[in-house]
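# Fold and contact review
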Amino acid sequence: YAVLTIQTHPATTYNDFPATMQGENIVEIRPMVDGYLEAIFVQEGATVKKGQLLFKIQNPMYDQAVITAKAAIKIAIADVNTARMDVEKVRPLVEKEIVSKYELESANYTLQSKEAGLAQAKANLANANTNVGYTTLRSPQDGIIGSIPYKKGALVSSTTSSPLTILANTNNVFAYFSWSEKQLLTFLSNKPGNTVQERLKQLPPVTRILADGTEYPEKGRIETASGLITTETGTASFKAIFPNPLGLIHSGARAVVRLEQTMD
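Just so it is clear, the structure is predicted and the values come from calculations on it, not from any experiment. (Residues numbered from 1 in each chain as written. Predicted model: local features only at pLDDT ≥ 70, side-chain atom pairs only at ≥ 80, totals over all residues. Heavy atoms only, no water.)

## Observations concerning the overall build of the chain
Of the regular secondary structure elements, the chain holds 4 helices and 12 strands. Whereas a compact globule of 264 residues would reach a radius of gyration of roughly 18 Å, the chain reaches 33 Å, over 25% beyond that. For the C-alpha atoms alone, the extent of the chain along its principal axes is close to 135 × 45 × 35 Å. A fraction of 75% describes how many contacts in the chain between residues 6 or more apart in sequence connect residues 24 or more apart. On the chain, roughly 16600 Å² of surface is accessible, and the fraction owed to carbon and sulfur atoms is 53%. Taken as two groups, the 26 positive and 25 negative side-chain charges of the chain have centres that lie 3 Å from each other. (Helix = DSSP H or I, 4+ residues; strand = E, 2+ residues; numbered from the N terminus. Rg over C-alpha atoms; globule rule 2.2 N^0.38 Å. Contact = heavy atoms within 4.5 Å. Areas by Shrake-Rupley, 256 points an atom, 1.4 Å probe, with all protein chains shown as cover. Lys, Arg positive; Asp, Glu negative; His and termini not counted. Charge placed at Lys NZ, Arg CZ, Asp CG, Glu CD.)

## Considering the side chain of Asn244
Its place among the elements puts Asn244 in the loop between strand 11 (235-243) and strand 12 (254-263). A distance of 3.1 Å separates the side chain of Asn244 from the side chain of Tyr216, its partner in a polar contact. The residues contacting Asn244, other than those within four sequence positions of it, are Thr170, Asn171, Asn172, Val173, Tyr216 and Ile249. (Polar contact = N/O pair within 3.5 Å; in protein donor to acceptor, adjacent residues only side chain to side chain.)

## Observations concerning the sheet that holds strand 5 (residues 136-138)
Overall, antiparallel pairing links the 4 strands, which are arranged 5-4-2-7 in an open sheet. The open sheet terminates on both sides in strands that have one partner only, identified here as strand 5 and strand 7 (155-156). Both strand 4 (residues 53-58) and strand 5 contribute to a ladder of 3 bridges, which runs antiparallel. In the sheet register, Phe55 faces strand 5, and the bridge partner there is Leu137. (Pairing = 2+ DSSP bridges.)

## Things to note about the environment of Pro245
Structurally, Pro245 can be placed in the loop between strand 11 and strand 12. Accessibility expressed as a relative area gives 61% for Pro245, which makes it exposed. As a C-alpha pair, Pro245 and Lys191 span 54 residues in sequence and 31 Å in three-dimensional space. In contact with Pro245, other than residues within four places in its own chain, are Asn171, Tyr216 and Glu218. (Buried < 20%, exposed > 50% of the residue type's maximum accessible area, 1.4 Å probe, protein only.)

## Details of the nonpolar core
Residues Phe177, Trp179, Ile222, Phe238 and Phe242 are the most contacted members of the largest nonpolar core, which totals 23 residues. For this core, the secondary-structure elements that each account for two or more residues are strand 1 (11-29), strand 8 (165-180), helix 3 (181-188), strand 11 and strand 12. Judged by nonpolar contacts, the second largest core, of 16 residues, contains Ile73, Ala76, Ala83 and Leu125. (Core = buried A, V, L, I, M, F, W, Y, C linked by side-chain atoms within 4.5 Å.)

## Let's talk about the pattern of salt bridges
Summed over the entire model, instances satisfying the criterion amount to 7 salt bridges. Of the charged contacts, one joins Glu28 and Arg30 as a salt bridge, the two residues approaching to 3.0 Å between their closest N and O atoms. A relative accessible area of 33% places Arg30 in the partly exposed class. Arg84 is paired through a salt bridge with Glu115; the nearest N and O atoms lie 3.5 Å apart. Of the two residues, Arg84 sits in helix 1 (residues 60-95) while Glu115 sits in helix 2 (residues 101-134), which places them 31 residues apart along the sequence. In this structure Arg84 comes out as partly exposed when scored by relative accessible area, which is 35%. (Salt bridge = Lys/Arg side-chain N within 4 Å of Asp/Glu carboxyl O.)

As structure tokens, then:
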């Protein structure tokens with residue numbers, strides 16, 4: 001009879017995990033003031049740079065507040081000058097003992113009060129200019145614009161439930177997935193290290209499978225997303241970080257993370 005001698009060889013298996021992709025930094029763009037959406041300077045899905053103009057909100061009340069604050073400063077300056085003249089007028093009279101020194105103290109207190117009023121008027125102007133600045137929304141970072149639920153002319157406010165848009169920085173993307181307690185022990189049991197994070201560094205790079213079934217050319221690395229095992233599901237959350245120089249991966253997309261495991 002023919003005899004076949006069985007020999008052992010290292011074998012590589014592949015484990016696939018469903019994952020959800022998220023951008024490296026997700027920012028909700030929300031208005032700080034109330035008003036009507038006067039202009040939208042970007043389109044959904046557009047790539048924007050930090051500082052780029054996104055939205056303009058119209059509210060005449062804030063412009064009028066600036067005008068009122070500037071007028072109040074002029075009045076306060078006039079009051080300060082008048083109070084200072086009174087001090088200069090009373091001082092020589094006190095020195096000649098024509099009037100009581102309390103008259104000079106009273107004039108000085110009045111001058112201090114008027115100077116405080118001028119400082120308050122300047123603060124009101126600064127607040128008014130700040131509110132006017134809030135009517136112009138610029139991008140806080142580089143990223144990609146998400147959906148824009150509001151249209152030109154819509155009434156928006158700081159208490160609006162939905163943001164004007166969501167800005168995602170996708171230079172790097174995170175693939176969030178879960179391991180069961182058994183899978184966690186299987187993958188990390190033979191890896192050197194005293195902590196889970198140290199053992200994760202010993203894992204080989206992971207692969208992302210695109211929606212068309214092809215492999216994404218950039219490899220990723222696994223890091224912990226949560227150090228706890230959820231009692232309801234018995235799983236622990238992890239994330240794989242993938243560089244995204246071509247911008248092929250979008251935040252919110254579904255993905256498959258593939259991890260190789262070599263067995264001797």
